[in-house]
Amino acid sequence: MLKCVYVNGQFLQRRNAMIDVEDRGFNFGDAVYEVIFLNNGILVDEEEHLNRLEYSLSELSIALPKSRRVLSLLIREVIRLNKITNGFVYLQVSRGVAPRDHLIPDNITPSLVIMARSSNLIEKPSIRNGVSVITVPDLRWHRRDIKTTQLIANCLAKSDAVKAGAGEAWMVDENGAITEGSSSNAWIVTTNRELITRPPSSEILNGITRRTIIELAKEERLDFHERGFTTSEALKAAEAFFTSATSLATPVLSIDGQQIGSGKVGPVTKKLQAMYVKFASSA
Ligand SMILES: Cc1ncc(COP(=O)(O)O)c(C=O)c1O
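Position numbers for residues start from 1 in each chain and track the written sequence from start to end. For a predicted model such as this one, the threshold for reporting local features is a pLDDT of at least 70, and the threshold for listing and counting side-chain atom pairs is 80 or more; totals across whole chains, interfaces and linings nevertheless cover every residue.

Caption draft 1: A look at the overall build of the chain. Secondary structure assignment for the chain yields eight helices and 15 strands. In terms of overall dimensions, the chain has a C-alpha envelope of 55 × 40 × 35 Å along the principal axes. Looking at the chain as a whole, 42% of its 283 residues are labelled buried. Across the chain, every contact between residues at least 6 apart in sequence was considered, and the portion connecting residues at least 24 apart equals 71%. Under the DSSP-based scheme used, a helix requires at least four consecutive residues in state H or I and a strand at least two consecutive residues in state E, with every element numbered from the N terminus. Counts of 20 or more other C-beta atoms within 10 Å of a residue's own C-beta define buried residues, counts of 12 or fewer define exposed ones, and intermediate counts define partly exposed ones; C-beta atoms are placed from the backbone. Distance between backbone-placed C-beta atoms decides contact: two residues are in contact if it is within 7 Å.

What follows is the structure, given as structure tokens:
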């Protein structure tokens, strides 16, 4: 439940919080965001999320609304006011308010919103037991490395997945390669025990969880390869999973109705999930 939110300089009860109807985030999706996993009071990979926020903002020439130190303090205050220890923080920066016009105005003041929500992610049945996935065409623009709020294609993909009884949609590019999930990065483990995920480029969001899992895989000396993979390669995989701040490392049991490996949570997925949870508890 969202009780108290931070909006443009004020901590407010959610029902009293307001965004201008000419906020460019509202009119154009001219905004970026971050979601940070809160685990037992620890903001997991906070620095990396704020680095990516700065990257997204700079790619769109939007100013950082507050210093990094102040952003961290505001995030902690929202968490404190809502009395949350487990869940996630949502932080959004839009370009700001201006008369509606496609032309991007100079020198307007960015809008900043911070919210926090309570949730016991580690105990989520989907993360423990796995989900099925469907594949859908990737309909998005080609700057997916910027974490913008323009998420309608992602929302349609996720809704199609849920309508089909699945937990996530993996999006497929024009070459038949999987780009990423509607709100996660996609991974497979081949029958040769190669761990594979697509390399970062403007075609995917370089997930913070993805980067941490890569570090953990290297620590574990797994046979890790950063390369693209097609839907047909994924269907032949021994294991599959997806990563994000709110799905951690969620096992994939089937893709488009076809069982992956044993159809159960695989050993590599289980190991990486356990390592990630340990990392998230000590960061
Ligand atoms: C499209 C997309 N890819 C990947 C991710 C995973 O990113 P992160 O691990 O930073 O949460 C997300 C998270 O929201 C996403 O929306």
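Caption draft 2: Region of interest: the pairing of strand 13 (residues 239-244). For strand 13, the tally of buried residues reaches six of six residues, placing the bulk of the element in the interior. The two faces of strand 13 match: Glu 239, Phe 241 and Thr 243 on one face and Ala 240, Phe 242 and Ser 244 on the other face are all buried. With five bridges joining them, strand 10 (residues 185-189) and strand 13 adopt antiparallel strand pairing. Residue pairing across strands places Val 189 opposite Glu 239, the latter belonging to strand 13. Criterion used throughout: strands pair if DSSP finds at least two bridges between them. Inspection of the sheet shows strand 13 paired to strand 14 (residues 248-255) by five bridges, in the antiparallel sense. Residue pairing across strands places Phe 241 opposite Pro 251, the latter belonging to strand 14. Linkage of strand 13 to strand 14, two consecutive antiparallel strands, is achieved through a turn of three residues.

Caption draft 3: Quick look at the site of the ligand. Residues in close proximity to the ligand total 14 residues, the closest being Gly 207, Ile 208, Thr 209, Ser 244 and Ala 245. Of all the secondary-structure elements, those providing two or more residues to the shell around the ligand are helix 6 (208-219) and strand 13. A total of three residues in the shell around the ligand trace back to one element, the largest contributor, which is helix 6. Residue type decides the class: Asp, Glu, Lys and Arg count as charged, Ala, Val, Leu, Ile, Met, Phe, Trp, Tyr, Cys and Pro as nonpolar, and the leftover types, Gly among them, as polar. Residues belonging to the shell around the ligand are distributed by class as follows: four nonpolar, eight polar and two charged. We call a residue near a molecule or strand when its C-beta atom, built from the backbone, sits within 6 Å of it.

Caption draft 4: Molecular detail of the domain arrangement of the chain. Domain ranges listed in this record stem from an automatic or a database domain assignment. Split by domain assignment, the chain resolves into domain 1 (4-119) and domain 2 (125-282). Averaged C-alpha coordinates put domain 1 and domain 2 at centres separated by 26 Å. Domain 1 puts 22 residues into the contact, and the matching count from domain 2 is 12 residues. Looking at the side of domain 1 that touches domain 2, the elements that each hand over two or more residues are strand 3 (31-39), helix 2 (46-59) and strand 5 (87-94). The biggest single contributor to the side of domain 1 that touches domain 2 is strand 3, with eight residues.

Caption draft 5: How the structure looks around helix 5 (residues 152-163). Given a helix with a known number of residues, its expected span is that number minus one, times 1.5 Å. Helix length check: helix 5 (12 residues) gives 16 Å between terminal C-alpha atoms against 16 Å at 1.5 Å per residue, within 8%. Those residues of helix 5 not exposed but buried are Asn 154, Ala 157, Lys 158 and Ala 161. The buried residues of helix 5 all sit within an arc of 95° when viewed along its axis, so they share a single face. In helix 5, the exposed residues that point more than 90 degrees away from the buried face are Ile 152, Cys 155, Ser 159 and Lys 163. Looking at the packing, one finds that the buried side of helix 5 touches strand 7 (131-137) and strand 8 (168-172). A positive backbone phi angle near 80° is found at Gly 165, which sits one or two residues after helix 5. In this description, one arc is meant: the one made by directions from the helix axis to the C-beta atoms.

Caption draft 6: Up close: the environment of Gly 181. Along the chain, Gly 181 falls in strand 9 (residues 178-181). Taking C-alpha positions, Gly 181 is 22 Å from Asp 30, a pair spaced 151 residues apart along the chain. Beyond its immediate sequence surroundings of up to four residues, Gly 181 is in contact with Glu 168, Ala 169, Trp 170, Ala 186 and Phe 242.

Caption draft 7: Structural context of the environment of Val 32. Relative to the assigned elements, Val 32 resides in strand 3. Using a count of 26 C-beta atoms within 10 Å as the deciding quantity, one classes Val 32 as buried. For the pair Val 32 and Pro 105, spaced 73 residues apart in the sequence, the C-alpha separation amounts to 17 Å. In this structure Val 32 touches Leu 53, Ser 56, Leu 57, Leu 60, Val 93, Ile 146, Lys 147, Thr 148 and Thr 149, once residues within four positions along its chain are discounted.

Caption draft 8: Unusual backbone geometry, seen in detail. Notably, Asn 40 is not glycine yet its phi reads approximately 50°, a positive angle. Looking at the element boundaries, Asn 40 is found in the loop between strand 3 and strand 4 (42-43). C-beta crowding within 10 Å serves as the criterion here: with 11 such atoms nearby, Asn 40 is assigned to the exposed category. Of note, Asp 45 is a non-glycine position whose phi angle comes to about 55°, a positive value. On the secondary structure map, Asp 45 appears in the loop between strand 4 and helix 2.

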